[in-house]
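# Analysis of the macromolecular model
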Amino acid sequence: MITSDPVTPAPRITVDTHIHTVASGHAFSTVTENAREAASRGLAMIANTDHGPDLPGGTNKIYFKGQRVIPRFIAGVAVLRGIEANIRHGRGTDCTESMEAALDLIMAGFHAPVYNNEGEAANTRRLISVISSGRVDVITHPANTKYPISLRDVIQAARDCRTALEINCSRYTRTDSRPLAVQLAAMAAEEGAPLIMGSDAHICYDIGCFDLGLGVLEEAGVDPAILVNATPLRLLEFLQSRGRKNTADLLAHFQSTGEHRTAD
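Residues numbered from 1 in each chain as written. Predicted model: local features only at pLDDT ≥ 70, side-chain atom pairs only at ≥ 80, totals over all residues. Heavy atoms only, no water.

### Examining empty space enclosed by the protein
For clarity, the threshold we go by: The distinction between a cavity and a pocket rests on a 1 Å grid over the protein atoms alone: a 1.4 Å probe fits inside a cavity but cannot get out, while a pocket stays open yet meets protein on both sides within 12 Å along at least five of seven lines, and a residue with an atom within 4 Å of a point counts as lining. Grid points are joined across faces, edges and corners, and a volume is the space filled by probe spheres set on the points. Note that Gly is not counted as nonpolar here; it falls among the polar residues with everything else outside the nonpolar set of Ala, Val, Leu, Ile, Met, Phe, Trp, Tyr, Cys and Pro and the charged set of Asp, Glu, Lys and Arg.
Taken as a whole and assessed by the stated rule, the structure comprises one cavity of 30 Å³ or more. Each pocket or cavity is described by its volume, and for the largest cavity that value is around 40 Å³. Lining of the largest cavity is provided by Phe 110, Leu 127, Ile 139, Thr 140, His 141, Pro 142, Asn 144 and Tyr 147. Residues belonging to the lining of the largest cavity are distributed by class as follows: five nonpolar, three polar and no charged.

Shown next, in the form of structure tokens:
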């Protein structure tokens with residue numbers, strides 16, 4: 001008789017915080033298509049995070065202010081109104097104060113041609129400046145060999161400012177950055193800096209595809225349960241702690257239902 005050990009189910013993350021739509025100019029699905037796909041995959045929440053206006057082919061600041069028309073729930077999935085802003089050379093990001101006031105989630109990262117690599121020291125200073133501003137909740141794909149940084153210095157700044165660092169799950173870009181991502185995850189967990197995971201989906205079929213990121217965490221010896229976006233409630237409480245009051249309605253909903261308080 002052949003026996004086998006019980007299969008341990010993969011950890012389940014119920015929120016995808018990094019999703020693009022056709023508005024980004026180089027993505028291929030709508031908000032509704034994204035939400036419906038997320039529902040089919042059992043996600044409870046997604047974030048609409050199109051690229052900021054400085055990136056060629058994208059949209060303008062009116063789009064981000066106008067996200068208030070997006071329903072809070074589509075196909076039973078909660079929808080956060082957000083942005084993946086572009087970090088600029090020496091002057092913050094392309095998310096203005098009026099845009100920020102209309103949004104739930106502010107993410108930012110290095111993107112060519114808005115920001116070109118200036119070397120490890122300059123890149124590190126730029127990231128720490130953005131983190132220290134208190135205006136950005138998440139730094140996207142900080143483990144990127146195209147933009148070398150001092151991981152230790154950035155992680156310590158993120159810890160002190162309670163800014164989340166992303167484990168990016170894109171299977172199409174930054175494929176050579178996995179060893180750096182493993183270092184980031186291990187060091188961030190050791191230092192107590194917040195970690196978050198996003199698919200960086202540019203088409204609906206990639207939403208919730210966290211396999212690459214989960215592999216990074218496994219290699220780093222990090223429990224996925226510590227992720228800021230493991231559940232909607234955890235993410236919403238994180239955003240509230242950073243002063244994102246627009247999410248109060250969603251926070252009340254998930255607190256009252258008790259749904260997804262802990263990861264499976």
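Additional details are given in the paragraphs that follow.
### A word on the layout of surface pockets
Here the largest pocket defines a volume of roughly 330 Å³. Residue lining of the largest pocket: 18 residues in total, with Phe 110, His 111, His 141, Thr 173 and Arg 174 positioned closest to the centre. Residues of the lining of the largest pocket, tallied by class, amount to five nonpolar, nine polar and four charged. Here the second largest pocket is characterised by a volume of approximately 230 Å³. Asn 168, Ser 170, Arg 174, Arg 178 and Ala 181 are, among the 18 residues lining the second largest pocket, the residues nearest its centre.

### Details of the pairing of strand β1 (residues 15-19)
The following threshold applies: For each residue, the accessible area found with a 1.4 Å probe, counting protein chains only, is set against the maximum for its type, and the residue is called buried under 20%, exposed over 50%, and partly exposed in between. The secondary structure listing takes helices from DSSP runs of H or I that are at least 4 residues long and strands from runs of E that are at least 2 residues long, numbered from the N terminus. Pairing between strands is defined by DSSP: at least two bridges between the two strands are required. With its strands directed away from the observer, a crossover is right-handed exactly when the path from the first strand over the helix to the second travels clockwise.
With respect to burial, β1 is a largely interior element, five of its five residues being buried. Note: β1 against strand β2 (residues 45-48), three bridges, orientation parallel. For Asp 16, the partnering residue across the bridge sits in β2 and is Ile 46. Once you follow β1 into helix α1 (residues 31-40) and on to β2, the crossover reads as right-handed.

### Things to note about the side chain of Thr 59
For clarity, the threshold we go by: What makes two residues a contact is simply this: any of their non-hydrogen atoms within 4.5 Å.
As for its placement among the helices and strands, Thr 59 is situated in the loop between β2 and α2 (61-65). With sequence-adjacent residues up to four places away left out, Thr 59 is seen in contact with Ala 23, His 51, Pro 53 and Phe 64.

### Here's the deal with the confidence of the model for the protein chain
Inclusion rule: In predicted models, pLDDT denotes the confidence assigned by the predictor to each residue on a 0 to 100 scale.
Confidence in the prediction for the protein chain averages 93 pLDDT; 94% of positions are at 70 or higher. Confidence drops under a pLDDT of 50 for residues 1-10, and excluding neighbours within four residues, the segment shows zero contacts in the predicted structure. Contacts for the low-pLDDT stretch residues 260-264, under 50 throughout, to residues beyond four places or in other chains number 16 contacts.

### Describing the pattern of salt bridges
Basically, it comes down to this: Counted as salt bridges are all cases of a side-chain nitrogen of Lys or Arg within 4 Å of a carboxyl oxygen of Asp or Glu.
In this structure the tally under the stated criterion is 13 salt bridges. The salt bridge involving Glu 100 is made with Arg 135; its shortest N-O contact spans 2.7 Å. One end of the pair, Glu 100, is in helix α3 (residues 97-101); the other, Arg 135, is in the loop between α4 (120-132) and β6 (138-139), with 35 residues separating them in the sequence. Taking relative accessible area as the criterion, Glu 100 reaches 15% and is therefore assigned buried. The partner of Asp 137 in a salt bridge is Arg 242, with the nearest N and O atoms 2.7 Å apart. Of the two residues, Asp 137 sits in the loop between α4 and β6 while Arg 242 sits in the loop between α8 (232-241) and α9 (248-257), which places them 105 residues apart along the sequence. For Asp 137, a relative accessible area of 0% puts it in the buried group. Through salt bridges with shared partners, a single network forms among Glu 100, Arg 135, Asp 137, Arg 242 and Arg 244.

### Structural notes on helix α7 (residues 211-220)
Within the sequence span of α7, burial applies to Gly 213, Leu 214, Gly 215, Val 216, Leu 217 and Ala 220. Of the surrounding elements, those touching the buried residues of α7 are β7 (164-168), α6 (178-191) and β8 (195-198). Gly 221 lies just past α7 and shows a positive phi near 75°.

### Things to note about helix α5 (residues 151-161)
Residues lying three or four places apart along an α-helix face the same way, a consequence of the helix completing one turn every 3.6 residues. The condition that has to hold: Note that the arc is defined by the directions from the helix axis to the C-beta atoms.
Among the residues of α5, Leu 151, Val 154, Ile 155, Ala 157 and Ala 158 are the ones counted as buried. Relative to the axis of α5, the buried residues are bounded by an arc of 160° and lie together on one face. If you follow the buried residues of α5, they end up packed against α4, β7 and α6. After α5 finishes, the residue Arg 162 shows a positive phi value of roughly 55°.

### Section: the nonpolar core
We apply this condition: Only buried residues count toward a nonpolar core, which is a set of Ala, Val, Leu, Ile, Met, Phe, Trp, Tyr and Cys residues joined through side-chain atoms within 4.5 Å.
Counting residues in each nonpolar core, the largest one holds 45 residues, and the members touching the most others are Ile 83, Ile 155, Leu 165, Ile 167 and Met 197. Listing elements by their share of this core, those giving two or more residues are β4 (77-86), β5 (105-109), α4, α5, β7, α6, β8 and α7. Among the elements that take part in this core, α6 stands out by supplying six residues, more than any other. Among all residues touching Ile 167, those that are not within four sequence positions of it are Ala 181, Leu 184, Ala 185, Leu 195, Ile 196, Met 197, Gly 198, Gly 213, Val 216 and Leu 217. Ranked by size, the runner-up nonpolar core spans 19 residues in total, among them Val 15, Val 138, Ile 196 and Leu 239.

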